[in-house]
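Results of the structural survey
Residue strings, one per chain:
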Amino acid sequence: MLRRKAGFLAMGANVVALVFVLLQLSAFTSVAQNSTIKWQTLNGSLPLVIARGGFSGLFPDSSSTAYSMALITSAPDSVLWCDVQLTSDGFGICFPNIMLNNASNVERVYPKQDSSYIVDGVKKDGYFSVDFTLDELRLVFLTQGIYSRPSTFDGFGVILTVEDVYTEARPAGFWLNIQHNAFYSERNLSMSSYLISAAENVNISHISSPEIAFLRQLATPFAMTQTKLIFRFLEQDAIEISTNQTYGSLLKNITFIQSFASGILVPKSYIWPVDETSYLLPHTSLVQDAHLNGLEVFASDFANDNSIPYNYSFNPIAEYLSFIDNKEFSVDGVLTDFPMTLTGARANPLVISHFGASGDYPGCTDISYTAAISDGADVIDCPVQMSKDGVPFCLSSANLMNSTLVTQTEFRNLLTTADEIQSNQGIFSFSLNWADIQNLKPVISNPYAGSLLFRNPKFRNAGKLISLAEFLDLAKNASSLSGVLIKIENARYLATNQSMSVTDAVLSALEKAGYNDPTAKKVMIQSTSSAVLKAMKGKNYTLVYEVDETIRGAPNATIIDIKTFAESVVVNKKSVFTTLLGYITKNRCLTKPRPFYMSPVQPGAILALVPSEALPPAQAPSPLLNQDDISESPLPAVVKVDSPPPTSTPEPPKPSASGQHQITASTLVIFSDVLGQSLTKIFNVKDYGAVDGGKVDISQAMLKTWNAACNWKGKSRLEISPGTTYLLNPIILKGPCFGPTAFRNSGTLKAPKGLRGLYWIEFRYINNFALHGIGYFDGQGPPLRAQPNLPALLRFTFVTNARVQKIKLINSQSTHFHIFGCNQVTISRITISSPGDSPNTDGVKIGASTGIRLLDSNIASGDDCVAILRGSKNITVTGVTCGPGHGISIGSMGTMPNEEVEQIVVRRCKIFDATNGLRIKTWATNMPGRVTNVLYEDITLRNVDNPIIIEQNYCPSRTCSKGNSRVQISDIKYRNIQGTSTTGVAVNLQCSGSNPCQRIELKDINIKYVKGGGRTVSTCSYVNGQALGQRDIKVFNLKDYGAVEGGNVDISQALLRAWDDACKWNGRSKLEVSVGSTYMVNPVQLKGPCAGPTGFHNMGTLKAPRGLRGLSWIEFLYVDRLAVYGTGIFDGQGPPQQAGPNLPTLLRYSFVTNSKLQKVKLLNSLSTHFHLFKCKQINIRKLTISSPGDSPNTDGIKIGVSEDISITDTNIASGDDCVAIITGSKNITVTRVSCGPGHGISIGSLGTSPKDSVEKVVVKDCKIFDAMNGLRIKTWATNMPGMVNNILFDGISLTNVDNPIIIDQNYCPSRTCSQGNSHVQISNVKFSNIKGTSQTTDAVNLQCSGSNPCQSIDFENINIQYSKGINSTVSTCSNVKGQAFGVQVPKSCVS
């Protein structure tokens, strides 16, 4: 269907796109330069490239930059598109929408000039061009109106008139689109008169409109011109206002349209419909029908960053080709935001497939090659592999695991290692016979799987693998092909280790297929090995040398050497075009004249438009390709398996002139930075010229100090000494840095008085950063009144994995600490202080960030203590004291489309002397957005004006628009909020009339008025939710239900009756076990759901019968808001003498949510002490668990299929894992747990069921002693897929532990386990600040899967000594990728 699509998939979708640099002309060049193609447009000419608003996919729509870059980067005949709007004084401007708000800064320039109008029958609120003169709009700057696109170029252009655009650009074609003529007519503005006048000075090639009457009006004035009138179709069910017909019905009368237009512009779905599963339906006959009636057809709605059907494999070029170059029709032009891409689609270059049509089907299969030929590839490719019985066949890799389902067959036990091919184990083609390989199921490649973009799922295992002979026959019989490309790798390894000559096999296959005939199709042989190409020399083949590293160039001597064995060179695209921030900065190669589409822009021109302060540091240059890099010894003779190995060893690679080893196809060079093993390097500002005293600016000294610390290849720290005071002008401290970097302020930094600007101190683009110390950051404020352009005191921009501790931020002119675009930042024990009447001095402001934790801090300010703005997710605020100030706030929101805040937890905070307590605020605009999943819990308020407030008509001035907010607020929980209000309204929920608040929960709210007897009220508008709880707790004591003390008589029935009454109580209740009482309880299940919050208060002792059997002793099931607490004992009457089946868990939570377990003692279990299954939001604190260290299977706490579980301040002694986190668990936190004796803290085992997973686990500040294991991850060696991801072990103390750090992907507690590779993927695991002693020398033992190696396993500051003091500890690794920083004892084995 899609001519030439396969080749573009090769270049667009492959991880390494290949660019041919021809050293001499080949026979293929004529194909690439063919310019005589007859297109199937109405007149046979090239389809037009129509640039909507210029290059609007990158630059602000209709800006001068967008228009000029469209012409520079696309075809010379490209047409510029202008959406024409009229000003109040009758000028025509180019602007993408009738409303100005979305793509300009008009709201900031004219904050009080918004209006409401009826447009196409719909009321719209905003800013309209008809309310402004042209002179007024000259002050407005253009911005990017699609917020998923970069805002880098916002503000670089003003609004342009139609005449401005034409005069500046002088395009080959200028298309004016008139979308709302009726609207302007209603305001006595004539669009037709404007166009007639403009045509005197502007060469208008096309005018389009969705209004038939308007086009008819233009027919006479433009009849004698070359301007084409185009009828624009809207959605099929929309109404055309002059005929009152739907556009769908008008589509059926093409002859009628011909009477007033020369062409039609239609949404692309009119031509290629898409089904609900995102696959193309058969194309319509619209294009052919229109062409038969003499109408041109133009297609719209094209953008590279739009979602497109699976058929295109996420490749926009493939989509363009389906419209302009298929076998049945071609549209006459395409309206696109990315004209450069469409230009490339028209270029008709030589197209070489990438494993066939591997974007649509599994690569190197019969169906993939057939599709590539059908799609119009010029050359198809075959990467040759060898089977065990010597059959050459096509497959992307020698490792069958990369592209087939071999691991799901009986051959999964054929894992082996071939270090010359890859560092990890694999199942290689030379281990199976061709008959077995033919029967393997292929797998489609998914290079975008990490972004959850999966190719063509219907055909993910389609087709069958083919031999080289079958491939050559297929190509030979395809008349449209001009040649084949055969790739040969691993020749040296196959000859030496497998007794095979792949070069001989290829030559034999080519000869048998008739490719040595001079009239046959052309053959290209490609390899990274010069020895292979030399072995193929002398044949009638084009030899192509592939450079498998990124280079910046090659000396003439190297090129001369390459020409001795190759005619062409393949380099990766990074060697040709270097990039920065996603923009091309340099074109290293192709310096000779080239097609315009190969040189899209003067290198670095786009980047030159980015403000310099937003740029990251320059990258290190790539190496040159030297002669020694390409030189190799000849291929060895084939070594027979039954013959003795050669007595001489191969000569090692020679170092090149630059000191690098030569690059061969079978050499893997790994560089390790051992400097990261050193201790922290200190960089003090005084050593770089900083003058103490606070009177001389030290910004240059600070920059020098920072650059030295940031460039240190190891752990570094910038130091401000105690007692020093420095004056510092505004400064940006940029990364990325080479290692973990810290900034410790133990003195005082002062800003100049009267400072203006965006910020004072900004940290930008830094990963693994720490800001700490007990010093001061003094903004030398506060401001006397609110005013613009006052700087934030401290700003984090694009900072990740950072810690901020103990610093003091005082007297800011504006926000004290602004966090923007950051991820995983923990802020603890900081102090922020400004007067309560200082305007706009927010404490901590968080925007567009995730994983931010603000803990145990004191904030006094003149605005919000904490402000959580749009784009924030997974924010935790715990233990914060706020006052004076404006409380803890979410918003304001509603100033931009699709603003979101979600997953916010505010817990155990105190707010006093504040304007607001807990506030959510949104503007009453028509911008959609949402606030969802917010928990406020255990909050104390004192003297707060508005304790709990939702304000969806937020308006800090008197000039706000009146309307309903479209921000949807839902799933907000207020729990245990207590204190005093300075007003009589404690709860004020004013939600949107059009988007009412949903699922708002108020539970245990006790806020009293400081005056008037303490009574407060609540007011609500448009709120759906529930109020729960009360202050008084109803007590249900066991003894009142007939429970007999002494521990000899079963009381399970009395317990069930007491529980039943407590659970049904419509309010807060608790079941009580009195102090000093002892009861025996048979197994019991205490079920919910309950009517209100329910407690189980054990102050006595509950004992299980001896010799108990079953699943559990005491189980809580389907309970929400459960609290099990007290200082009592749950005694399981164990421990077991030996491991056995059917031994019960002592305490079990099943399907329990939003609950607690605190302070009780769990003793002597026969099995697991506490098991959580399918639970959510459970807080476990100050628990004591105790069983002997030799009691089998007595895990302390086992967590399975549960989320948001927190374990803190708990002591565990057991005979198995202290904490076991098993499959289905997510967001688990284990803090300040003491474990010993036992088996440590464990994740797993996993791999016994499909899709086992554990993710987002934090184990921090724990002590493990006298234990078999310390920190363990364990999986079975099965073919069950699964994952362990995003795990942090930090601040762990180990004493006398047998296996301190262990990853065991061959977990087998018995001798009967299957042998194989685990399919559980372990990734993003960090061990930091781990110290202590090991009972063995194996302190770190990482045994990962050969088929799924561990990825991103990082170590920082590990110091584990051998407890017996004789030998040093060691670390061992198998199949592990990661990094090591800081102190590493033992020496790290990760790389």
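Now for the overall build of the chain. A count of helical and extended segments in the chain gives 25 helices and 81 strands. Taking all 1391 residues of the chain together, the buried fraction comes to 55%. Look at the contacts in the chain between residues 6 or more apart in sequence, and 74% of them connect residues 24 or more apart. Of the roughly 56,300 Å² of accessible surface on the chain, 50% is carried by carbon and sulfur atoms.

Let's shift gears to the pairing of strand β51 (residues 997-1009). As a general feature of sheets, a regular strand has side chains that alternate between the two faces. Here 10 bridges tie strand β49 (residues 967-981) to β51, and the two strands are oriented parallel to one another. Of the residues in β51, the one forming a bridge with K973 is E1001. By the bridge criterion, 5 bridges tie β51 to strand β53 (residues 1023-1028) in an arrangement that is parallel. In the strand pairing of β53, L1002 is matched with A1027.

This part takes up the packing of aromatic side chains. On inspection of all chains with the given rule, the structure shows 51 aromatic pairs. Ring geometry for F231 and F260: centres 5.7 Å apart, planes at 80 degrees, overall edge-to-face. Taken as a pair, F231 in strand β10 (residues 228-232) and F260 in the loop between α11 (254-258) and β13 (263-267) lie far apart in primary sequence, 29 residues in all. Residue F231 shares its accessibility class with F260, and that shared class is buried. Following the ring pairs from residue to residue traces out a cluster consisting of W706, F743, F763, F769, F777, F796 and F817. The ring of F302 has K268 sitting right over it, with the charged end atom 5.0 Å from the ring centre. Just above the ring of W1065 sits the side chain of K1034; from NZ or CZ to the centre is 5.4 Å.

Moving on to the confidence of the model for the chain. Mean pLDDT over the chain stands at 85; residues scoring 70 or higher make up 88%. The secondary structure element of the chain with the lowest average pLDDT is helix α2 (residues 29-32), at 30, and the one with the highest is strand β17 (residues 392-394), at 97.

By the definition in use, this model includes 9 disulfides. What pairs with C710 in a disulfide is C737, and their sulfur atoms sit 2.0 Å apart. Measuring handedness by torsion sign, the sulfur bridge of C710 and C737 sits at about -105 degrees and is left-handed. Residue C710 is found in helix α24 (residues 699-710), and its partner C737 is found in the loop between β29 (731-734) and β30 (741-745); the two are separated by 27 residues along the sequence. C710 gets classed as buried once you look at its relative accessible area, which sits at 3%. For C737, a relative accessible area of 17% translates into the label buried.

Mapping S1187 onto the fold places it in the loop between β68 (1184-1186) and β69 (1197-1200). Looking at S1187, its side chain comes within polar contact range of the side chain of H1169, at 2.8 Å. Among all residues touching S1187, those that are not within four sequence positions of it are N1164, S1165, H1169, T1194, A1213 and S1214.

Here we take up the pattern of salt bridges. Counted under the stated rule, the structure contains 34 salt bridges. Among the ionic pairs, K921 bridges to D864, the shortest N-O distance being 3.5 Å. With K921 in strand β47 (residues 910-922) and D864 in the loop between β41 (858-860) and β42 (866-868), this pair connects stretches of sequence that are 57 residues apart. Across this residue pair, the class does not change: K921 and D864 are buried. With its nearest N and O atoms 3.3 Å apart, the salt bridge here joins R1148 to E1115. Linking R1148 in strand β63 (residues 1145-1150) with E1115 in strand β60 (residues 1112-1117), this pair joins segments that are 33 residues apart in sequence. Judged by its relative accessible area of 10%, R1148 falls in the buried class. Linked by salt bridges that have partners in common, D864, R919, K921 and E951 make up one network.

Once that is clear, we can look at the packing of helix α8 (residues 191-198) against helix α9 (residues 212-219). Where α8 meets α9, the axes come as close as 10 Å, and the angle between the chain directions of the two elements is 40 degrees. Accordingly, the angle class assigned to the pair α8 and α9 is oblique. Here α8 runs over α9; the crossing is right-handed. For the pair α8 and α9, contact is made by M191, S192 and L195 and by F214, Q217 and L218, respectively.

Quick look at α9 now. Three or more residues of α9 are buried, namely I212, F214, L215 and L218. Along the axis of α9, the buried positions cluster into a sector of 160 degrees, meaning they face one direction only.

A few words now on α8. Buried residues of α8: M191, S192, Y194, L195 and A198, and no others. The buried residues of α8 occupy an angular sector of 160 degrees when projected down its axis, which confines them to one face.

Note: most peptide bonds trans; most residues except glycine with negative phi. Following G735, the chain continues into P736 via a peptide bond in cis, with omega recorded as 5 degrees. Here P736 shows up in the loop between β29 and β30. Although it is not a glycine, N1329 sits at a positive phi angle of roughly 55 degrees. Checked against the element boundaries, N1329 lands in strand β77 (residues 1320-1334).

Turning our eyes to something else, we now look at the environment of V1230. For V1230, the location among the structural elements is in strand β72 (residues 1225-1235). Taking the C-alpha atoms as reference, V1230 lies 6.0 Å from T1208; in sequence the two are 22 residues apart. Leave out the neighbours within four places in its chain, and V1230 touches I1207, V1219, I1241, V1258, V1259, K1260 and C1262.

It is worth spelling out the environment of C94 at this point. The residue C94 is located in strand β4 (residues 92-94) in this model. Sequence spacing of C94 and V84 is 10 residues, and the spatial spacing of their C-alpha atoms is 5.0 Å. Ignoring any residue separated from it by four or fewer positions in sequence, one finds C94 in contact with S62, Y67, C82, D83, L160, T161, V162 and V165.

Contact geometry for helix α13 (residues 316-324) and helix α14 (residues 339-346): axes closest at 9 Å, N-to-C directions at 60 degrees. In terms of orientation, α13 and α14 fall into the oblique class. Here the hand of the crossing between α13 and α14 comes out right-handed. Contacts between α13 and α14 involve P316, I317, Y320, L321 and I324 from the former and T341, L342, A345 and R346 from the latter. Class assignment for the residues of the contact of α13 with α14 results in 7 nonpolar, 1 polar and 1 charged.

Here the focus is the environment of D120. Position of D120 among the secondary structure elements: in the loop between β5 (115-119) and β6 (122-126). Here H180 takes part through its side chain, which lies 3.4 Å from a polar atom of the side chain of D120.

Further remarks concern the side chain of T878. You can see T878 is positioned in strand β43 (residues 872-878). For T878, a relative accessible area of 10% translates into the label buried.

Thresholds applied
- Residues numbered from 1 in each chain as written.
- Predicted model: local features only at pLDDT ≥ 70, side-chain atom pairs only at ≥ 80, totals over all residues.
- Heavy atoms only, no water.
- Helix = DSSP H or I, 4+ residues; strand = E, 2+ residues; numbered from the N terminus.
- Buried < 20%, exposed > 50% of the residue type's maximum accessible area, 1.4 Å probe, protein only.
- Contact = heavy atoms within 4.5 Å.
- Areas by Shrake-Rupley, 256 points an atom, 1.4 Å probe, with all protein chains shown as cover.
- Pairing = 2+ DSSP bridges.
- Phe/Tyr/Trp six-rings, centres within 6.5 Å; stacked < 30°, edge-to-face > 60°.
- Lys NZ or Arg CZ within 6 Å of the ring centre and 35° of its normal.
- pLDDT = per-residue confidence, 0-100.
- Disulfide = S-S within 2.5 Å.
- Polar contact = N/O pair within 3.5 Å; in protein donor to acceptor, adjacent residues only side chain to side chain.
- Salt bridge = Lys/Arg side-chain N within 4 Å of Asp/Glu carboxyl O.
- Axes fitted to C-alpha atoms, helices over the stretch in contact; angles between N-to-C directions.
- Parallel < 35°, antiparallel > 145°, perpendicular 65-115°, else oblique.
- Left-handed = near helix turned anticlockwise from the far one by under 90°.
- Arc of directions from axis to C-beta.
- Nonpolar A, V, L, I, M, F, W, Y, C, P; charged D, E, K, R; others polar.

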